[in-house]
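These are the residues of each chain, in order.
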Amino acid sequence: MYKILKADKLAANIYRMVVDAPRVAKHCQPGQFIIVKLDEKGERIPLTICDYDREKGTVTIVFQPIGESTTEMAQLQTGDAFEDFVGPLGQPSEFVTEDLEELKKKRILFVAGGVGTAPVYPQVKWLHEHGVTADAIIGAKTKDLVILEKEFEEVCNLYVTTDDGSYKRKGMVTQTIKDLVEEGKQYDVCVAIGPMIMMKFVCLLTKELGIHTIVSMNPIMVDGTGMCGACRLTVGGEVKFACVDGPEFDGHLVDFDQAMKRQQMYKTEEGRAVLKAKE
Ligand code: NAD
Ligand code: FES
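Let me sum up the structure you'll find in this document. The structure presented is a predicted model; accordingly, all values stated were derived computationally and were not measured. (Residues numbered from 1 in each chain as written. Chains lettered and ligands numbered in written order. Predicted model: local features only at pLDDT ≥ 70, side-chain atom pairs only at ≥ 80, totals over all residues. Heavy atoms only, no water.)

1. As for the pattern of salt bridges
The cut-off we apply is this: We count a salt bridge whenever a side-chain nitrogen from Lys or Arg sits within 4 Å of a carboxyl oxygen from Asp or Glu. Per-residue accessibility, obtained with a 1.4 Å probe over protein chains only, is compared with the maximum for each type, and a residue is labelled buried under 20%, exposed over 50%, and partly exposed between these values. Helix numbers and strand numbers start at the N terminus; a helix is a DSSP run of H or I with at least 4 residues, a strand a run of E with at least 2.
Per the stated rule, a full pass over the model turns up 14 salt bridges. A salt bridge links Glu-98 to Lys-106; its shortest N-O distance comes to 2.7 Å. Take Lys-106: its relative accessible area is 30%, and that puts it in the partly exposed class. Here Arg-169 and Asp-179 are joined by a salt bridge, their closest N and O atoms 3.8 Å apart. One end of the pair, Arg-169, is in strand 11 (residues 169–170); the other, Asp-179, is in helix 6 (residues 173–182), and 10 residues separate them in sequence. Owing to a relative accessible area of 23%, Asp-179 belongs among the partly exposed residues under this scheme.

Structure, rendered in structure tokens:
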């Protein structure tokens, strides 16, 4: 069993849990994900890693209840435990294996949207710990949905924007990208993680701007094992599986329209809940 050492809420419908999982904490890298199971019969839920502490042996996950299982998961409290906590899975972010001196020369922009802010955090933190200070944009619908602001401020140059202008900048993340570039900022790499529609529009913009862009296709995963086929996507004309080949891919090569159609089709947990109800 994997004990929840701390459970709290980051925003109205966004939950954070620090889990005692020393083996995962020892090996995980930014960009990877884990799978949790609430109990023996529970379904497998793939979730991105928000933070890890190798010394304490803990892994932090952040999630938004969107279906039956994550709604059940949100009821868990400090002291409760997961039946299973498997990982790390998927490929680490590409910069983890890059030559550090080359990496230090790069001007990197992170674009984090909504709950997608959580998996961006270990990436900016890792870079900060390796002497690279990146710029990061956090975008949220409204002030109350901005998460991890303090944590980000400690490890990068942060720009916060809200769709309704209730906090800091006003507008979507793409507006802030345009503003920063107009102000004279230059970037070699952009890492965009958030809702599919956000990643699609960030990619359209960065393609115009000539900025190499990485996206995380985590949202289309279902079982996270390479078995169900739900996370199949086309990248540069080739078939890939988000959970095995990714979750991160060159965003300019991803067929977002196809991936979004597949996401609608499987609707991950909702789809499985319906199937379960029919059993
Ligand atoms: P949201 O709808 O509040 O959007 C977050 C931000 O994305 C917005 O504030 C805006 O700045 C930007 N955005 C949205 N639509 C845009 C558009 N058309 N053009 C430009 N920018 C746009 O996000 P949310 O409700 O917190 O997101 C939940 C989604 O995040 C879920 O669908 C989940 O699958 C996804 N998610 C993705 C990852 C990942 O790895 N990619 C990880 C966790 C969650
Ligand atoms: Fe099932 Fe990738 S999530 S094959």
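2. Here's the deal with the site of ligand 1
Note the following rule: What makes a residue near a molecule or strand is one non-hydrogen atom of that residue sitting within 4 Å of it. In protein, a polar contact means a hydrogen-donor-capable atom and an acceptor-capable atom, both N or O and within 3.5 Å, with residues adjacent in sequence counting only if both atoms are side-chain atoms; elsewhere, any N or O pair within 3.5 Å suffices. Following the grouping adopted for this structure description, the nonpolar residues are Ala, Val, Leu, Ile, Met, Phe, Trp, Tyr, Cys and Pro, the charged ones are Asp, Glu, Lys and Arg, and the polar ones are all others, Gly among them.
Near ligand 1 you find 23 residues, and of these Val-115, Lys-141, Asp-163, Val-173 and Ser-216 are the closest. A distance of 3.2 Å separates an oxygen atom of ligand 1 from a polar atom in the backbone of Ala-140. A distance of 2.9 Å separates a nitrogen atom of ligand 1 from a polar backbone atom of Ser-216. Counting residues per element, the ones that place at least two in the shell around ligand 1 are strand 9 (135–140), helix 6 and helix 7 (196–209). Among the elements that line the shell around ligand 1, the one with the most residues is helix 7, at four residues. In terms of residue class, the shell around ligand 1 is made up of 12 nonpolar, nine polar and two charged.

3. Structural notes on the environment of Lys-141
Here is the rule we go by: When checking whether two residues touch, look at their non-hydrogen atoms; a contact exists if any pair is within 4.5 Å.
Along the polypeptide, Lys-141 turns up in the loop between strand 9 and helix 5 (149–153). What makes Lys-141 exposed here is its relative accessible area of 60%. Excluding residues that lie within four positions of it along the chain, Lys-141 makes contacts with Thr-162, Asp-163 and Asp-164.

4. Examining the pairing of strand 8 (residues 108–113)
Defined as follows: Between any two strands, at least two bridges found by DSSP are needed for them to pair. When the strands point away from the viewer, a crossover counts as right-handed if the route from the first strand across the helix to the second turns clockwise.
Counting buried residues along strand 8, six of its six residues qualify, which places the element largely inside the surrounding structure. Burial of strand 8 is two-sided: the residues Ile-108, Phe-110 and Ala-112 facing one way and the residues Leu-109, Val-111 and Gly-113 facing the other way are all buried. Strand direction decides the pairing type here: strand 8 and strand 12 (residues 189–193), joined by five bridges, are parallel. What sits directly across from Leu-109, in strand 12, is Cys-190. Handedness of the crossover joining strand 8 and strand 9 through helix 4 (residues 117–129) is recorded here as right-handed.

5. Details of the side chain of Glu-43
The residue Glu-43 is located in the loop between strand 3 (33–37) and strand 4 (45–53) in this model. Residue class for Glu-43 comes out buried when judged on its relative accessible area of 16%. Looking at Glu-43, its side chain comes within polar contact range of the side chain of Ser-69, at 2.4 Å.

6. Comments concerning the packing of helix 6 against helix 7
Put simply, the test is: Throughout, an axis means a line fitted to C-alpha atoms (over the contacting stretch in the case of helices), and angles, computed between N-to-C directions, take values from 0 to 180 degrees. Between 65 and 115 degrees an angle is taken as roughly perpendicular, under 35 as roughly parallel, over 145 as roughly antiparallel, and anywhere else as oblique. Handedness of each helix crossing follows the sense of rotation of the near helix against the far helix: counterclockwise by less than a right angle gives left-handed, clockwise gives right-handed.
At a closest axis distance of 9 Å, the pairing of helix 6 and helix 7 adopts a crossing angle of 20°. Put simply, helix 6 runs roughly parallel to helix 7. Pair helix 6 / helix 7 crosses with right-handed handedness. In this structure, helix 6 uses Val-173, Thr-174, Ile-177, Lys-178 and Val-181 to contact helix 7, whose residues at the interface are Met-198, Phe-201, Val-202, Leu-205 and Leu-209. Of the residues contributing to the contact of helix 6 with helix 7, the split by class is eight nonpolar, one polar and one charged.

7. What to know about the sheet that holds strand 5 (residues 58–63)
Within the open sheet, the seven strands sit side by side as 6-1-2-5-4-3-7. Their pairing is antiparallel. Both outer strands of the open sheet, strand 6 (81–82) and strand 7 (84–89), are each paired with one neighbouring strand and no more.

8. What about the nonpolar core?
Note the threshold: Put simply, a nonpolar core is a bunch of buried Ala, Val, Leu, Ile, Met, Phe, Trp, Tyr and Cys residues held in one set by side-chain atoms that sit within 4.5 Å of each other. For the domains described, the bounds stem from an automatic or database domain assignment.
Counting 57 residues, the largest nonpolar core has Ile-61, Met-73, Phe-82, Phe-85, Phe-110 and Phe-152 as the members making the most contacts within it. The greatest single-element share of this core, amounting to six residues, is contributed by helix 4. Counting residues domain by domain, this core receives three or more from each of domain 1 (2–89) and domain 2 (94–215). For Phe-110, the contacting residues outside a window of four places in its chain are Phe-95, Val-120, Gln-123, Val-124, Leu-127, Ala-134, Asp-135, Ala-136, Ile-137 and Val-191. Residues Ile-177, Ala-192, Leu-205 and Cys-243 belong to the second largest nonpolar core, which totals 33 residues.

9. Here we look at helix 4
How we decide: Given the number of residues in a helix, its expected span is that number minus one, multiplied by 1.5 Å.
The end-to-end C-alpha separation of helix 4 is 19 Å, in line with the 18 Å expected for 13 residues at 1.5 Å each. The buried fraction of helix 4 amounts to 11 of the 13 residues, a majority that puts the element mostly inside the structure. Buried within helix 4 are the following residues: Thr-117, Ala-118, Pro-119, Val-120, Tyr-121, Pro-122, Gln-123, Val-124, Lys-125, Trp-126 and Leu-127. Looking one or two residues beyond helix 4, the residue adopting positive phi is Gly-131, at roughly 85°.

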